[in-house]
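Here's the letter readout for the chains.
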Amino acid sequence: MDSIRIKGGQALKGKIHISGAKNAALPLLAASLLTDEALTLSNVPHLADIVTMSNLLGQLGVGISLNGHAPGGHTGRVVELKAATLTDVVAPYELVRKMRASILVLGPLLARAGEAKVSLPGGCAIGTRPVDLHIAALQKLGADITLDNGYIHARAPRGLRGAEIIFPMVTVTGTENIMMAATLAAGETTIVNAAREPEVVDLAHCLVAMGARIEGIGSDRMVIAGSAKLHGAAHNVVPDRIEAGTFAMAAAITDGDLELIGAKMDHLNSVATILAAAGIDMTETADGLRARRANGALRGVDVMTEPYPGFPTDLQAQMMALMCVADGASMITETIFENRFMHVPELKRMGANITVHNASALVRGVPMLTGAPVMATDLRASVSLALAGLAARGETMLNRIYHLDRGYERLEEKLAACGAHIERVKEAA
Ligand code: EPZ
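A quick note: this is a predicted structure, and the numbers were derived from the prediction, not measured. (Residues numbered from 1 in each chain as written. Predicted model: local features only at pLDDT ≥ 70, side-chain atom pairs only at ≥ 80, totals over all residues. Heavy atoms only, no water.)

*Asks:* For the sheet that holds strand β19 (residues 329-333), give the residues involved together with the corresponding values.
*Replies:* Taken in spatial order, the 4 strands of this open sheet run β18-β19-β21-β20, and their pairing is mixed. The sheet is open, and its two edges are formed by β18 (303-304) and β20 (353-357), each paired on a single side. Note: β20 against strand β21 (residues 360-364), 5 bridges, orientation antiparallel. Paired with I354 across the strands is V363, a residue of β21. Set on the sheet, helix α10 (residues 316-323) makes contact with β18, β19, β20 and β21; between it and β19 the angle comes to about 170°. (Pairing = 2+ DSSP bridges. Helix = DSSP H or I, 4+ residues; strand = E, 2+ residues; numbered from the N terminus. Contact = heavy atoms within 4.5 Å. Axes fitted to C-alpha atoms, helices over the stretch in contact; angles between N-to-C directions.)

Structural data, given as structure tokens:
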């Protein structure tokens, strides 16, 4: 397994192109199942999870071709998908266990083919992450669902019927699964307590471009009028707000100054508010966002993760790394997942002062972290350790970086181009 070696202490300065959002591209790829015509997606990030989803769709019979990338470098691949005829309705365990977002084929596959057999995604490092809300909602749309041998077996031989779906808690992929299924259901579906994440909005825009009729996009109440079929479309994937927020914190923790090309402030308002309280300026530029410290000092602030538009759970670990070197204390409360503090013991090995009590972590800022060999455990925890390494004195070796490659496109190249002493160390074969 590869590692990443970081020698801390360099202030990051320059520009970073923000890639298309992983968590928008994944449902958008799955949406190709809803039509027998071509769906062309541009600005698709080149990530391990995208490859996994593409492989899964290929196994279902979707024709996929990569048609180059956007000007300006590797990022922004153009992918054409065409589910002319589906050859299978099974999402096998060996693929689903690698990426829980495979659950996103359940809704569109069931709506298009009248049947879907998707392996139950196992637990994951950050929590049990059940999919009971997805299943209950599809049953309300008329699906007959049985769970056996670790698989969700859903059938709707006579098609799905529109219904009112009330989610007891906000679920991003649950909302996305139901949105996609409802576009081909007979009649009208109302989703109450829908997720409002920009990635959900991006999927809705693509579905509308494919001929779906959706009202209330971006609100917590969406109304979807089902159609007999959807047609092909071309859609550009929205920039990744989590990648942008991560690099804004990289600028802050190294006392640098970064311009994040393509980043959108209206996707990061709650993050910008929290960072401003911590002493970090995020300002809009002609090409994106600029992030740097306002006057040199970092102040400890309290953070609580919430569904959008609140502070995103996917930036909690990165914010914690930043607060480790702030003046004063910071109370960080994780309300979305039950086990998303695995970066804490690794940060403490770098000299951080953190006390976890149930869903809250009290971070007392220290003047300086020290480099150490650390281990990545999940996607966002791993990038939090990279941020800490960028600010730490000495060398940090970040192991198990396959987690990183799932969500960050060429992280070490983007950071090195802005002055970081960071390199990928290939494991001896
Ligand atoms: C999406 O996961 C994202 N993944 C996650 O990003 C993100 O952290 C999460 O939303 C929250 O914003 C993708 O979009 C591919 P949820 P998802 O359903 O949809 C509980 C990353 O780092 N729940 O909104 O799986 C669940 O356990 C990843 O890129 C149920 O109980 O999250 C959690 O506590 C990590 N039953 C809460 O709801 C269900 O049926 C929110 O989960 C579904 C969810």
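Still more ground to cover, so stick around.
*Asks:* Residues and numbers for the packing of aromatic side chains, please.
*Replies:* Inspection of every chain in the model, using the stated rule, returns 0 aromatic pairs. Its guanidinium or amino end placed over the ring of Y151, K117 lies 5.6 Å from that ring's centre, counting from NZ or CZ. (Phe/Tyr/Trp six-rings, centres within 6.5 Å; stacked < 30°, edge-to-face > 60°. Lys NZ or Arg CZ within 6 Å of the ring centre and 35° of its normal.)

*Asks:* Got a sec to walk through the pattern of salt bridges? Specific residues and values, please.
*Replies:* What the rule picks out here adds up to 18 salt bridges. Between K229 and E37 there is a salt bridge, with its nearest N and O atoms 3.7 Å apart. One end of the pair, K229, is in the loop between β13 (221-225) and β14 (233-236); the other, E37, is in the loop between α1 (22-30) and β3 (38-44), with 192 residues separating them in the sequence. Residue K229 is classed as partly exposed on the basis of its relative accessible area, which comes to 48%. (Salt bridge = Lys/Arg side-chain N within 4 Å of Asp/Glu carboxyl O. Buried < 20%, exposed > 50% of the residue type's maximum accessible area, 1.4 Å probe, protein only.)

*Asks:* Hey, could you go over the nonpolar core for me, with residue numbers and the actual values?
*Replies:* Counting 77 residues, the largest nonpolar core has V105 and L207 as its most contacted members. Core analysis: the next-biggest nonpolar cluster, separate from the first, contains 73 residues, I253, A278, L322 and I401 among them. (Core = buried A, V, L, I, M, F, W, Y, C linked by side-chain atoms within 4.5 Å.)

*Asks:* Before we move on, could you go through the sheet that holds strand β7 (residues 115-119) and cite the residues and values that matter?
*Replies:* Ordered in space as β6-β7-β9-β8, the 4 strands form an open sheet in which the pairing is mixed. Because the sheet does not close on itself, it has two edges, and the strands there are β6 (90-91) and β8 (144-148). Across the sheet, helix α4 (residues 106-113) touches β7 and β9 (151-155), and the angle it forms with β7 is around 155°.

*Asks:* Report on the packing of helix α5 (residues 132-140) against helix α6 (residues 172-182), specifying residues and quantitative values.
*Replies:* Between two packed helices, what matters for the description is the angle formed by their axes and the separation of those axes. Contact pair α5 / α6: the axes reach a minimum separation of 9 Å and the direction vectors enclose 25°. Of the possible angle classes, the one that applies to α5 and α6 is roughly parallel. Like other packed secondary-structure pairs, α5 and α6 cross with a definite hand, here right-handed. Each of H134, A137 and L138 in α5 lies in contact with α6, whose residues at this interface are T173, G174, N177, I178 and A181. A class-by-class count of the residues in the contact of α5 with α6 yields 4 nonpolar, 4 polar and no charged. (Parallel < 35°, antiparallel > 145°, perpendicular 65-115°, else oblique. Left-handed = near helix turned anticlockwise from the far one by under 90°. Nonpolar A, V, L, I, M, F, W, Y, C, P; charged D, E, K, R; others polar.)

*Asks:* Quick rundown of the site of the ligand? Include the residues and the values.
*Replies:* Inspection of the region around the ligand gives 21 residues, with L133, T171, T173, D314 and I336 positioned closest. Here an oxygen atom of the ligand and a backbone polar atom of V172 are 2.8 Å apart. T173 is positioned such that a nitrogen or oxygen atom in its side chain is 2.6 Å from an oxygen atom of the ligand. Protein contact buries 89% of the 830 Å² of open area that the ligand shows by itself. Counting residues per element, the ones that place at least two in the shell around the ligand are α1, α5, α6 and α12 (379-391). Considered class by class, the residues forming the shell around the ligand number 10 nonpolar, 5 polar and 6 charged. (Near = heavy atom within 4 Å. Polar contact = N/O pair within 3.5 Å; in protein donor to acceptor, adjacent residues only side chain to side chain. Areas by Shrake-Rupley, 256 points an atom, 1.4 Å probe, with all protein chains shown as cover.)

*Asks:* Explain α10 to me, using residue names and the numbers behind them.
*Replies:* Of all 8 residues that make up α10, 8 are buried, and the element is covered over most of its length. Along α10, the positions that sit buried rather than exposed are Q316, A317, Q318, M319, M320, A321, L322 and M323.

*Asks:* Can you tell me about the side chain of T52, naming the residues and giving the values?
*Replies:* Structurally, T52 can be placed in helix α2 (residues 48-60). What makes T52 buried here is its relative accessible area of 8%. Ignoring any residue separated from it by four or fewer positions in sequence, one finds T52 in contact with L95, K98 and M99.

*Asks:* Hey, could you go over the packing of α4 against α6 for me, with residue numbers and the actual values?
*Replies:* Running from N to C, α4 and α6 cross one another at 15°; their axes reach a closest spacing of 7 Å. When the interaxial angle is binned, α4 and α6 end up roughly parallel. Between α4 and α6 lies a crossing of right-handed hand. Of the residues in α6, those in contact with L106, G107, P108 and A111 of α4 are N177, M180 and A181.

*Asks:* Before we move on, can you summarise the pairing of β21 with the specific residues and values?
*Replies:* Here is the key point about a regular strand: its side chains alternate between the two faces of the sheet. Of the pairings in the sheet, the one linking β19 to β21 comprises 5 bridges and is antiparallel in character. Pairing of M331 across the sheet is with L362, part of β21. Hairpin connection, β20 to β21: the antiparallel pair is bridged by 2 residues, and N358 has positive phi, about 55°.

*Asks:* I'd love a proper account of the environment of N43, names of residues and values included.
*Replies:* Mapped onto the secondary structure, N43 falls in strand β3. In the structure, N43 is positioned 193 residues away from N236 in sequence and 5.8 Å away in space, judged by C-alpha atoms. At a separation of 2.9 Å, a polar atom in the side chain of N43 contacts the main-chain carbonyl oxygen of V237.

*Asks:* So, the environment of T377: which residues are in play, and what are the values?
*Replies:* Looking at the element boundaries, T377 is found in the loop between β22 (373-375) and α12. Aside from chain neighbours lying at most four places away, what touches T377 is A125, M342 and H403.

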